[in-house]
Amino acid sequence: MDSQPTETFSVEQQHHVLGPGRAETARWVLNSPDPPGLLDDLKNTIKGTFLPHGNKSTSSPTKQSLQKRAFLFLERLFPILMWGRNYKASKFKNDLMAGLTLASLSIPQSIGYATLAKLDPQYGLYTSVVPPLIYALMGTSREIAIGPVAVVSMLLSSMVQKVEDPVSNPTAYRNLVFTTTFFAGIFQAIFGLFRLGFLVDFLSHAAVVGFMGGAAIVIGLQQLKGLLGINHSTTRTDVISVLHAVFNSLHHSWYPLNFVLGCSFLVLILIARFMGRRKKRLFWLPAIAPLVSVILSTLIVFLTKADRRGVKIVKHIKGGLNPSSAHQLQFTGPHVGQAAKIGIISAIVALTEAIAVGRSFASVKGYHLDGNKEMLAMGFMNIVGSLTSCYIATGSFSRTAVNFSAGCETVVSNIVMAITVMLCLELFTRLLYYTPVAILASIILSALPGLIDVNEAYNIWKIDKLDFLICITAFFGVLFGSVEIGLLAAVIISFGKVILQSLRPKIEALGRLPGTDIFCNTDQYPTITKSRGIFIIGINSALLCFANANFVRERIMREVTEEEDELNEDVGRRTQVLILDMSNVMNIDTTGLIALEELHKMLASHGIQLAMANPRWQVIHKLKLSKFVDKIGRGWVFITVGEALDACLAFKMATLSHC
């Protein structure tokens, strides 16, 4: 088709047709200042992490002294300095009771999770001392309970033991765990410092539900070794290998007393949990049930000498406060790369669990949880933990629920819990010599049902089938492959979903709802009013870039062609103006600019004028730099779709009146 001249609409004509008020608002778009550059964004990000309202408070040296700025920085880094000034004795009473209740659950769980991580029991207790204290200084959640958790313990053991064998070389294995913890802390701190929380979102909610469910089943099967008193097992984590190793071991010597003892106390713990859920006043019952089980089972084994009849016991647990492990970190040698890789995976999984737990309870209490501060706090507590014989700590859902039910007011409950565990390390570790391993297995098993959320998986299936595919991929990947395979498969499918949606953004024909200035999808609202000769299209993509620019251009031209075919049925009707609603487009690259230029040329060849409504800050800046605004005419850029439509209608009327 031969090129037809399109109508021109200058800023002066816009002023005349629209009136001075609405024409002035259109100029606001064209005369907006330049947006901040990349270095400014980075500077503001770091400043915003450490200084609240940094741009306002530091704009003038005379407004604020250096001392006050330093104090604001410390308050931002250590939130305890803010709320600690208003802390009252009444709150401490509640935190004291919650902390003691939390410690009664934390002590047996920490010992069990340490064995799950293939470490000596005291390292689980160490991890319940230092990290909670650091988090209490830097964290923003009031309810979250910090310490070792089942999923991260299993994740560490399954990945680190591929590098170092915990049986043949326990020292090298332990050193690698500490190094991994250090790297995990570094990555978490970097995520918080540079506001890289989106990296945690790579594990979508559906992926986390599937991963947790698969991990819970794998952890449960691994506890069969302790529950049955089996001597030999496999280092692999997939279901088939674990079950094969268990059945093979049953043909050799195993001791039923372990199974009887473990199952008896597992039933006791589950009954206590059931009663605690039925009657809210008995919230303390499921919290102390594991500790009571440890005490009773230890007494039974000690008094009956059951260890001589095949009941496996913990034996020696090293007492005393956390020893330094700084000299055990390995930053040279062949395994540094593996430690960093395991560290970043563990960091993301730990953050995902902790932030999900913290936000769920924060929403109940009605306050905001700062995700970046949480990542920073988690990072520092794991860095310090790696230097004090701790492995990766994070927020535990089961212990946080107990802390919440016990009436905690602030993170002081974590401090009380840490001090209680510290006293246990100093005074009572020798009394745990006869604790049966089967009891630790039963405590871990009792915590697993909370990780399997069948109802949520069903909800995901009802709402989004692609999300459900991600969920079951993570579930079966962990179950029949490994932790890495499950996570990697889920992340790949999640990325595929995002990429597919980014490559194929929705292009919608818009129209005005009758009696309003609201523009919506014409397919969603069939009663929408369409303006004769004016076609409005919305681009539902945050970024118009090399990945989707050509698709967007082709889809727009297809919509225009279909609209033209419909109009051609009516004699004398044709599309004269195409209005692009750019409200959802936050940024654009050079490929996107070229696609817009090609679209403008193609529309011009059809005799259609291109108009743009509400281009965002970065978008209009680049449109001006590339001279695209001058190519379509500065008068064809508007601040809203409504003003663009009114201008086009007014211009048509003005044109017709001159004919």
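Predicted model only: the values in this text are computed from it and were never measured. (Residues numbered from 1 in each chain as written. Predicted model: local features only at pLDDT ≥ 70, side-chain atom pairs only at ≥ 80, totals over all residues. Heavy atoms only, no water.)

(A) Seen up close, the overall build of the chain. What the chain contains, in helices and strands, is 29 helices and 10 strands. When the 659 residues of the chain are sorted by exposure, 52% land in the buried category. The contacts of the chain with a sequence gap of at least 6 include a subset with a gap of at least 24, amounting to 81%. Accessible surface, the chain as shown: approximately 30,700 Å² in total, 63% of it carbon and sulfur. (Helix = DSSP H or I, 4+ residues; strand = E, 2+ residues; numbered from the N terminus. Buried < 20%, exposed > 50% of the residue type's maximum accessible area, 1.4 Å probe, protein only. Contact = heavy atoms within 4.5 Å. Areas by Shrake-Rupley, 256 points an atom, 1.4 Å probe, with all protein chains shown as cover.)

(B) Focus on the pattern of salt bridges. Inspection of the entire model under this criterion finds 12 salt bridges. Between D467 and K497 there is a salt bridge, and its shortest N-O distance comes to 2.9 Å. Taken as a pair, D467 in helix α23 (residues 465-480) and K497 in helix α24 (residues 483-503) lie far apart in primary sequence, 30 residues in all. For D467, a relative accessible area of 21% gives the class partly exposed. The buried category is assigned to K497, whose relative accessible area is 16%. Each of D464, D467 and K497 takes part in a single network of salt bridges with overlapping partners. (Salt bridge = Lys/Arg side-chain N within 4 Å of Asp/Glu carboxyl O.)

(C) Looking closely at helix α11 (residues 170-193). Between the first and last C-alpha of α11 there are 34 Å, a value that for 24 residues agrees with the 34 Å anticipated at 1.5 Å per step. Taken across its 24 residues, α11 has 18 buried, putting it largely inside the fold. R195 sits one or two positions beyond α11 and adopts a positive phi of about 55°. (Expected span 1.5 Å × (residues − 1).)

(D) Highlighting the nonpolar core. In terms of nonpolar packing, the biggest core is built from 122 residues, with Y135, L203, F211 and M378 touching the most fellow members. Of the residues forming this core, the biggest block, 12 residues, is contributed by helix α17 (residues 336-365). Those residues within four positions of Y135 in sequence are excluded, and the remaining contacts are T140, S141, I144, I146, E374, A377, M378, M381 and V411. M557, V585, I620 and I632 belong to the second-largest nonpolar core, a separate cluster that totals 33 residues. (Core = buried A, V, L, I, M, F, W, Y, C linked by side-chain atoms within 4.5 Å.)

(E) Region of the structure containing the packing of aromatic side chains. Within this structure, the stated rule accounts for 13 aromatic pairs. Measuring from centroid to centroid gives 6.2 Å for F182 and F183, while their planes differ by 75°, and the two rings are edge-to-face. As far as burial versus exposure is concerned, F182 and F183 are alike and both buried. Aromatic side chains W461 and F468 sit 5.1 Å apart centroid to centroid with 70° between the ring planes, which places their arrangement in the edge-to-face category. Taken together, Y123, Y126 and F178 form an aromatic cluster joined through their ring pairs. Lying across the ring of Y367, R142 places its NZ or CZ 3.9 Å from the centre. (Phe/Tyr/Trp six-rings, centres within 6.5 Å; stacked < 30°, edge-to-face > 60°. Lys NZ or Arg CZ within 6 Å of the ring centre and 35° of its normal.)

(F) Region of interest: the packing of helix α10 (residues 150-160) against α11. Relative to each other, α10 and α11 sit at 125°, their axes nearing to 11 Å. Taken together, the axes of α10 and α11 lie oblique to each other. In terms of crossing hand, the pair formed by α10 and α11 is right-handed. Along the contact surface, α10 presents L156, S157 and V160, while α11 presents Y173, L176, V177 and T180. Considered class by class, the residues forming the contact of α10 with α11 number 5 nonpolar, 2 polar and no charged. (Axes fitted to C-alpha atoms, helices over the stretch in contact; angles between N-to-C directions. Parallel < 35°, antiparallel > 145°, perpendicular 65-115°, else oblique. Left-handed = near helix turned anticlockwise from the far one by under 90°. Nonpolar A, V, L, I, M, F, W, Y, C, P; charged D, E, K, R; others polar.)

(G) Inspection of the packing of helix α12 (residues 205-222) against helix α22 (residues 454-463) at higher detail. Across the interface, α12 lies against α22 with an axial gap of 10 Å and an inter-helix angle of 140°. Both α12 and α22 take part in a crossing whose hand is left-handed. Residues H205, A206 and V209 of α12 form the contact with α22, whose own contacting residues are E456, A457 and I460. Looking at the contact of α12 with α22 residue by residue, the classes come out as 4 nonpolar, 1 polar and 1 charged.

(H) Structural context of the side chain of S413. Within the fold, S413 resides in helix α20 (residues 412-427). Look past the residues within four positions of S413 in its chain and what remains in contact with it is D95, A98, G99, L102, N403 and C408.

(I) Spatial organisation of the sheet that holds strand β9 (residues 609-613). Strand order in the open sheet formed by 6 strands is β4-β3-β5-β7-β9-β10, with mixed pairing between adjacent strands. Whereas interior strands pair on both sides, the edge strands pair on one side only; in this sheet they are β4 (519-521) and β10 (637-638). (Pairing = 2+ DSSP bridges.)

(J) Looking closely at helix α7 (residues 89-116). When the terminal C-alpha atoms of α7 are compared, their 39 Å separation across 28 residues agrees well with the 40 Å that a helix rising 1.5 Å per residue should span. Its maximal kink placed at S106, α7 deviates by approximately 30°, while the proline P108 follows within four residues. Positive backbone phi, approximately 65°, marks K118, located one or two places after α7. (Bend = angle between axes of the 7 residues up to and from the residue.)

(K) Region of interest: the pairing of strand β7 (residues 577-581). Counting buried positions along β7 yields 5 of 5 residues, so the element is predominantly enclosed. The alternating pattern of β7 places V577, I579 and D581 and L578 and L580 on opposite faces, both of which are buried. Examined bridge by bridge, strand β5 (residues 534-540) and β7 share 5 bridges and lie parallel to one another. Bridge pairing in β7 links G538 to D581. Of the pairings in the sheet, the one linking β7 to β9 comprises 5 bridges and is parallel in character.

(L) Layout of the confidence of the model for the chain. When the pLDDT values of the chain are averaged, the result is 86; 90% of them are 70 or greater. Note that residues 1-6 has pLDDT below 50 and, in this model, 13 contacts with residues that lie over four places away or in other chains. Low confidence marks residues 54-60, where pLDDT is under 50. Its contacts with residues over four positions away, or in another chain, come to 9 contacts. (pLDDT = per-residue confidence, 0-100.)

(M) Fine view of a nonpolar patch on the surface. A cluster of nonpolar residues, L268, V292, I295, L296, L299, I300, F302 and L303, forms a patch on the protein surface that exposes about 680 Å² of accessible area. Top element by residues in the nonpolar patch is helix α16 (residues 284-304). It accounts for 7 residues. Checked against the element boundaries, I295 lands in helix α16. The partly exposed category is assigned to I295, whose relative accessible area is 46%. (Patch = residues over 30% accessible without salt bridge, like charges linked within 9 Å, V, L, I, M, F, W, Y side chains within 5 Å.)

(N) A look at unusual backbone geometry. We note that K118 has phi near 65°; this positive angle belongs to a residue other than glycine. Its location among the elements puts K118 in the loop between α7 and α8 (121-127). Take K118: its relative accessible area is 35%, and that puts it in the partly exposed class. For K627, which is not glycine, the phi torsion reads 65° and is therefore positive. Within the element layout of this structure, K627 appears in the loop between α27 (617-625) and α28 (628-632).

(O) The environment of G37, seen in detail. Within the secondary structure, G37 is located in the loop between α2 (20-30) and α3 (38-50). Overall, the relative accessible area of 31% leaves G37 in the partly exposed class. C-alpha separation for the pair G37 and Q618, spaced 581 residues apart in sequence, amounts to 10.0 Å.

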